[in-house]
Amino acid sequence: MSRVIKTGGAQPAGSAPPAGVPDAAAAPARMPEPLGATAPTSALPARRGRLRQFLYEHPLAMDGLVVFASTALSISSLVETARGGFWWQFAVVLLSQAALMLRRRAPWPLLAGIVAADAVVLFATPELGSMSAAVWFALYVVALRLRTVWALVVAVTASLPAAAYFAFAYRPGEEFLAQHGPFIGLVASVSVVLSNLVAIGVGIVVRGNRIHQAEVRAWAIRRAQLASVQERNRIAREMHDVVAHSLTVMVALSDGAARALDRDPEKARSVLGELSSTGRAALADMRRVLGVLRADSGAVGRKPTPGGLQALVDGFRAAGLPVVLTQEGENLPDDAAFQLAVFRIVQESLTNVLRYARGVGRVDVLVARDRSLVRVRIDNDGGTAPDGEDPALGTGGGLAGMRERAAIFGGSLTAGPRPGGGWRVEAQLHCTEGDQ
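An account of the accompanying structure is given in this report. (Residues numbered from 1 in each chain as written. Predicted model: local features only at pLDDT ≥ 70, side-chain atom pairs only at ≥ 80, totals over all residues. Heavy atoms only, no water.)

**Some remarks on the pattern of salt bridges**
Heads up, the rule is: What counts as a salt bridge is simple: a side-chain nitrogen of Lys or Arg found within 4 Å of a carboxyl oxygen of Asp or Glu. Helical segments are the DSSP runs of H or I of at least four residues, strand segments are the runs of E of at least two, and each set is numbered from the N terminus. For each residue, the accessible area found with a 1.4 Å probe, counting protein chains only, is set against the maximum for its type, and the residue is called buried under 20%, exposed over 50%, and partly exposed in between.
In total, this model carries seven salt bridges according to the counting rule given. When the shortest N-O distance is used, the salt bridge between Glu330 and Arg369 registers 4.0 Å. Taken together, the residues Glu330 in the loop between strand 2 (323-329) and helix 13 (336-356) and Arg369 in strand 4 (residues 363-370) connect sequence positions 39 residues apart. Here Arg377 ties to Asp379 by a salt bridge, and the two come within 3.1 Å at their closest N and O atoms. Look at Arg377 and you get partly exposed, because its relative accessible area is 25%. The structure contains a network of salt bridges with shared partners spanning Asp63, Arg103 and Arg104.

Structure representation (structure tokens):
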């Protein structure tokens, strides 16, 4: 089936302004969904409850809680030293707990000091066999700053004094030894090493979680930056459509009005009216495009102009371009983004003809659909301006944009001189609807 829509003849006076040229410019092409644009990185879940969030925001309170927990776990050592009258040992154990307030500022000196204090207390009172829990918290803090292998080495090293004490210096009472066997010291030595490895293991797990969260946040930041770049590229492309297409038509209309001013004042007045309407439409489109960006709504303004390709061709015809539109095969898919991609390719091609071609006698626009393949071809029989005549000759940005729109739908676009003179733009796009 073939439908030829011919737009020859003079444009009636007072007709609508070039409908598709500026009006559709506000409708951005279908782009991949902006990555990470759905929520800023500050909205990422903190993965903390209310209590943890409070302690995170108040580090002194967290340090105080650590000191309290370590003191509670070391209560047996405090009671044993106090009951036996070992007051300086009691003071050393208590001071080890208070020193945990320095765990953020000086984790390495803190660990060394606590290990040394434990060793001094244990070897000075070989009959007690009770040690502080502060070393566990010190090991945890150090593990947050080391790789796993080195953290394990530190844990074993920090365990050596206490392990040596229990293995060689511990002297429990004869009754205790008879009740629990001769290997009680060796069992206690192994227990010290294992408990320190557990403490360092907790630190390793927490460090891994923090690294993972940092990577997730860095990933989210990169996605947000990529989304920002994509939005800037999209808005630049749409502003190119609004400004370049509308100004091109406005320049053509103003030139026509100037030529008709003396010979046909009524026609000149009509053309000037269309020029004014086109300018207002361009301003409205620019506001709409910028408004979509501010509102962060990717669904707004992504539909072709009312009237579609017919209105677009009528607009360029009003600007003086002899266009013939031919549509073959079935209608385009209902997908508005696909229709918009076809619309933009035709619009950009006709704009380039209007701006750069010279002596154009005919422009043929063919839109043909064969099942899932849609072919778009724009031919003109004009020549290009001589070198240096038009300093505003294009930079290739429009062709790059058309190729990008075609590539979104798995297609391609070529542009270049055609056999027999003139210029041809041909694109192929693939749609999913009606592929059978």
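On we go.
**Focus: the packing of helix 6 (residues 107-124) against helix 8 (residues 148-169)**
Keep this limit in mind: Helix axes are fitted to C-alpha atoms over the stretch in contact, other axes to C-alpha atoms as well, and angles between N-to-C directions run from 0 to 180 degrees. Roughly parallel covers angles under 35 degrees, roughly antiparallel covers those over 145, roughly perpendicular covers 65 to 115, and oblique covers all other angles. The contact rule is simple, with two residues in contact once any of their heavy atoms fall within 4.5 Å. All residues other than Ala, Val, Leu, Ile, Met, Phe, Trp, Tyr, Cys, Pro, Asp, Glu, Lys and Arg, Gly among them, are scored as polar; the first ten of these are nonpolar and the last four charged.
The interhelical angle for the contact between helix 6 and helix 8, taken along N-to-C directions, is 5 degrees, at an axis separation of 10 Å. As summarised for this structure, helix 6 and helix 8 are arranged roughly parallel, according to the angle between their axes. For the pair helix 6 and helix 8, contact is made by Trp108, Leu111, Val115, Ala119, Leu122 and Phe123 and by Val154, Ala158, Pro161, Ala162, Ala164, Tyr165 and Ala169, respectively. Residue composition of the contact of helix 6 with helix 8, grouped by class: 13 nonpolar, no polar and no charged.

**Section: a nonpolar patch on the surface**
Using the following cut-off: Patch membership needs two things, relative accessible area over 30% and no salt bridge, and members are linked within 9 Å if like-charged or within 5 Å if nonpolar (Val, Leu, Ile, Met, Phe, Trp, Tyr). Only the protein chains shown count as cover for residues, and all accessible areas are computed by the Shrake-Rupley method using a 1.4 Å probe.
On the surface, Phe183, Leu186, Val187, Val190 and Leu194 cluster together to form a nonpolar patch covering roughly 500 Å² of accessible area. Its location among the elements puts Leu186 in helix 10 (residues 184-263).

**Describing the nonpolar core**
Counted only if it meets this: Side-chain atoms within 4.5 Å are what join buried Ala, Val, Leu, Ile, Met, Phe, Trp, Tyr and Cys residues into a set we call a nonpolar core.
In this structure, Leu350, Val367, Val376 and Leu429 are the most contacted members of the largest nonpolar core, which totals 40 residues. Of the residues forming this core, the biggest block, ten residues, is contributed by helix 13. Excluding residues that lie within four positions of it along the chain, Leu429 makes contacts with Phe338, Ala341, Ile345, Ser372, Leu373, Val374, Val376, Arg405, Ala406, Phe409 and Gly411.

**Let's talk about helix 4 (residues 75-83)**
For clarity, the threshold we go by: This arc describes the spread of directions from the helix axis toward the C-beta atoms.
Taken together, the buried positions of helix 4 are Ser77, Leu78 and Thr81. The arc that holds every buried residue of helix 4, seen down its axis, measures 100 degrees, which confines them to one face. Buried residues belonging to helix 4 abut helix 3 (59-73) and helix 5 (87-98). Just downstream of helix 4, Gly85 is the residue with a positive phi angle, here 80 degrees.

**Thoughts on the pairing of strand 5 (residues 373-380)**
Under the convention used in this document: The criterion for strand pairing is that DSSP finds at least two bridges linking the strands in question.
Bridge analysis of strand 4 against strand 5 gives eight bridges, and the strand direction is antiparallel. Its bridge partner being in strand 5, Leu366 is matched across the sheet by Arg377. Counted between consecutive antiparallel strands, the loop separating strand 4 from strand 5 contains two residues, among which Arg371 sits at a positive phi close to 55 degrees. One ladder, built from eight bridges, connects strand 5 with strand 8 (residues 423-430); its direction is antiparallel. Residue Ile378 lies in a different strand from strand 8, and its bridge partner there is Val425.

**Describing the pairing of strand 8**
Sheet analysis places strand 7 (residues 412-417) next to strand 8, joined by six bridges and oriented antiparallel. Bridging from a neighbouring strand, Thr414 pairs with Glu426 of strand 8. Counting the residues that bridge the hairpin from strand 7 to strand 8 gives five residues, and of these Gly420 lies at a positive phi of roughly 90 degrees.

**Considerations on helix 5**
So the rule is basically this: By this rule the span expected of a helix is its residue count minus one, scaled by 1.5 Å.
Over its twelve residues, helix 5 runs 16 Å from end to end, which matches the ideal 16 Å to within 8%, given 1.5 Å per residue. Among the residues of helix 5, those classed as buried are Gln89, Val93, Ser96 and Gln97. On an axial view of helix 5, the arc spanned by its buried residues comes to 100 degrees, and they lie on one face. Turned more than 90 degrees away from the buried face of helix 5 sit Trp87 and Leu95, all of them exposed.

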